[in-house]
Amino acid sequence: MMKKILDLGIKKTFFYIFSIYFLFGMHISLDHIGGYGLYLPFNIIGWIFVSFLIGMGFYQISRSETLFITQLQIYCLIGFALLLIPFCYPNNFHANLALMRILGLLGGLLLYFSFSQFQFSKEENNRFLYVILGSVLIQILLKYSFFVQPQFSAMAQNNIFATFLSTGAGISLFLLLHDDHSIHNTLKRILIFCIPLFISFQIYHLQSRTGYLSLIVGSIFLMFFGNRRNKSLLVWFGLILTGLLLGAITKNNTRPTQAIQYSKNTRIVTYQLTYEMIKNNPIFGIGYGNFLSAFRYHYAKRKSEDSSLQTIGNSNMDHPHNEILFWTVEGGVLPLIGLLIMAGGFLNMIWRVKQKKAWAMLGILFPILLHTQLELPFYISLVHWVIFIFIIYMIDSEFGNHFEIKVRFSSIICVFSLAIPVIISVYMATTLQTASVITQFERTGYKDPSLLVSINNPHAWQKKYETLIMKLNLNIAKKTKNKVKLNDYINWAERYIDHSPYLFIYYDLATAYEAFGNGEKAWEIYRYAKYLYPGAKWREE
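These numbers were taken from a predicted model, which means no experiment stands behind them.

## Overview of the nonpolar core
In this structure, Phe18, Phe22 and Phe115 are the most contacted members of the largest nonpolar core, which totals 136 residues. Core analysis: the second largest hydrophobic core is formed by 26 residues, Ala477, Ile490, Tyr502 and Ile525 among them.

## What to know about the side chain of Ser166
The topology assignment puts Ser166 in helix α6 (residues 158-178). Accessibility expressed as a relative area gives 2% for Ser166, which makes it buried. Those residues in contact with Ser166 that lie beyond four places of it in its chain are Ile203, Gly211, Ser214, Leu215 and Pro367.

## Examining the pairing of strand β1 (residues 66-70)
One face of the sheet, then the other: side chains in a regular strand alternate in exactly this way. When you tally the buried positions in β1, you get four out of five residues, the bulk of the element. By the bridge criterion, five bridges tie β1 to strand β2 (residues 402-406) in an arrangement that is antiparallel. Its bridge partner being in β2, Thr70 is matched across the sheet by His402.

## Considering the packing of aromatic side chains
Here the structure, examined in full by the defined rule, presents 42 aromatic pairs. Ring geometry for Trp236 and Phe237: centres 5.1 Å apart, planes at 75 degrees, overall edge-to-face. Here Trp236 falls in the buried class, since its relative accessible area comes to 0%. Ring geometry for Tyr288 and Trp327: centres 5.9 Å apart, planes at 80 degrees, overall edge-to-face. Of the two residues, Tyr288 is situated in the loop between α10 (257-280) and α11 (291-305) and Trp327 in helix α12 (residues 323-331); the sequence distance between them amounts to 39 residues. With respect to burial, Tyr288 and Trp327 carry one shared label: buried.

## Structural notes on helix α2 (residues 41-64)
The end-to-end C-alpha distance of α2 is 35 Å, a good match for the 34 Å that 24 residues give at a rise of 1.5 Å each. Counting buried residues in α2 gives 20 out of 24 residues, a clear majority hidden from the surface.

## Side note on the confidence of the model for the protein chain
Per-residue pLDDT for the protein chain averages 90, and the proportion of residues at 70 or more is 95%. Every residue in residues 1-6 scores below 50 in pLDDT, and together they form two contacts with partners more than four places removed in sequence or on other chains.

Thresholds applied
- As a convention, each chain's residues are numbered from 1 in the sequence order in which they are written.
- With the structure being a predicted model, the display of local features is reserved for residues of pLDDT at least 70 and the display and counting of side-chain atom pairs for 80 or more, all residues being used for whole-chain, interface and lining totals.
- Hydrogens are left out, water is left out, and the side-chain values use all remaining heavy atoms of the structure.
- Put simply, buried Ala, Val, Leu, Ile, Met, Phe, Trp, Tyr and Cys residues joined by side-chain atoms within 4.5 Å make one nonpolar core.
- Any residue under 20% of the maximum accessible area for its type is buried, any over 50% is exposed, and the rest in between are partly exposed; the area is computed with a 1.4 Å probe on protein chains only.
- By the criteria applied, helices consist of DSSP H or I runs no shorter than four residues and strands consist of E runs no shorter than two, each listed in order from the N terminus.
- Only heavy atoms matter for contacts: two residues are in contact if any of them lie within 4.5 Å across the pair.
- One requirement defines pairing of two strands: DSSP has to find at least two bridges between them.
- Any two of the Phe, Tyr and Trp rings considered here, Trp counted by its six-membered ring, make a pair once their centres fall within 6.5 Å; the pair's planes then place it as stacked at under 30 degrees, edge-to-face at over 60, or tilted in between.
- Multiplying one less than the number of residues by 1.5 Å gives the expected span of a helix.
- The pLDDT score gives, residue by residue, the confidence of the prediction method on a 0 to 100 scale.

Below is the structure:
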């Protein structure tokens, strides 16, 4: 009896941590300088919460001395192993730049395993869905609030917010069709029915084509494979249409046609050039961490051969805006096979059970899944990654093949349950301090270099930290005409542009050569930078 009570307590604590993250943690808005991954404070904070959820999953394994695993999770492990193999390839000179991406994927898999250890019932899984719905409603309300700065929130980017909203709409419709308890709970029904109205209104204002498509297709999936056809369903779709109508009435400005066309053309060219790079390196790829430089060199070469090619300018393309293309172009055929194994295992599970509900659940997954093929949502928004993992777990928990493995050495697993949240929380806390200091340094006009000395953990921000430190050294070297420091900068910059050929680094490198007395080399750098960035405006000093 005592064990059951303790187990119940652990499950509740897991749910509470999840709830605190979605109802509070993800909405924390802090000033930042942009970027993705751990350059965004809300992602840093989110990983602290995720680390505790993973830690509790390990703790549950140690207490029950049982590992619950599914067939789909085995497929995911096989796929993940194939994604690791390119680290052993001879072209992995800059593979360290892909390390955080791999760790983020590993964190998602561990979270997936952690959900499975608690054997949540359908009703308990629905509670998680209601929490996510609550976070959607909060985020909508915060968009019109004076308490936060929308440009620094987790949903600042339009397409990110749009797929978050579309996923919320899918969850709302799913609960309407499949949660029998919602009929007798007024609060649940209010949440289910207010979501489609607010979401459709907001999506119209965002003018996100990704949002429109995912909302329509996801809703059709859920409706077609749903079990109910009643007045509630008509009311739900009526609220969607009402929200869209209100959005059309209140919308004052539209996205310029030229901007839409530029975005479309740039994405098409990116896909085209990435596909060409895959054809040139089908087996081993271009190497993990090399996309930014390889794409820029390939684009410059193609642009010089065909001037009609869409001009990308000084945009730093470090992701092809398609997750499958990204892993394939960098890692070659094995990562592609790994992704196909994961996706194939999932689709096989759905197909095998031959239940409408399983297909309906794809409607919830569709918005984020579509987004991964058009942009990079998992790098910008940890919230999308966590929701994606939870929905896969929820489908797997109901329709997958489950196995139980008795675990020995539970004390070692217990140590991991403590070590994981502690280590990750300390790392993320120090990363948050780094983010705050560098943001303050830039916001104050780079006037107080002593701020950079106070940074305790530059690891996650290494590239940014390096460029700032070396820029300061260059400025000092130019003022003092210190040729040793100038030479140090030149050597560093030559190595840096090998993996990150940013335009501003070429500019500073040219000025360094000029200050060193090598004007001919400075002009050579200038001309090569103009070749790499055709159409870009060269920065004036």
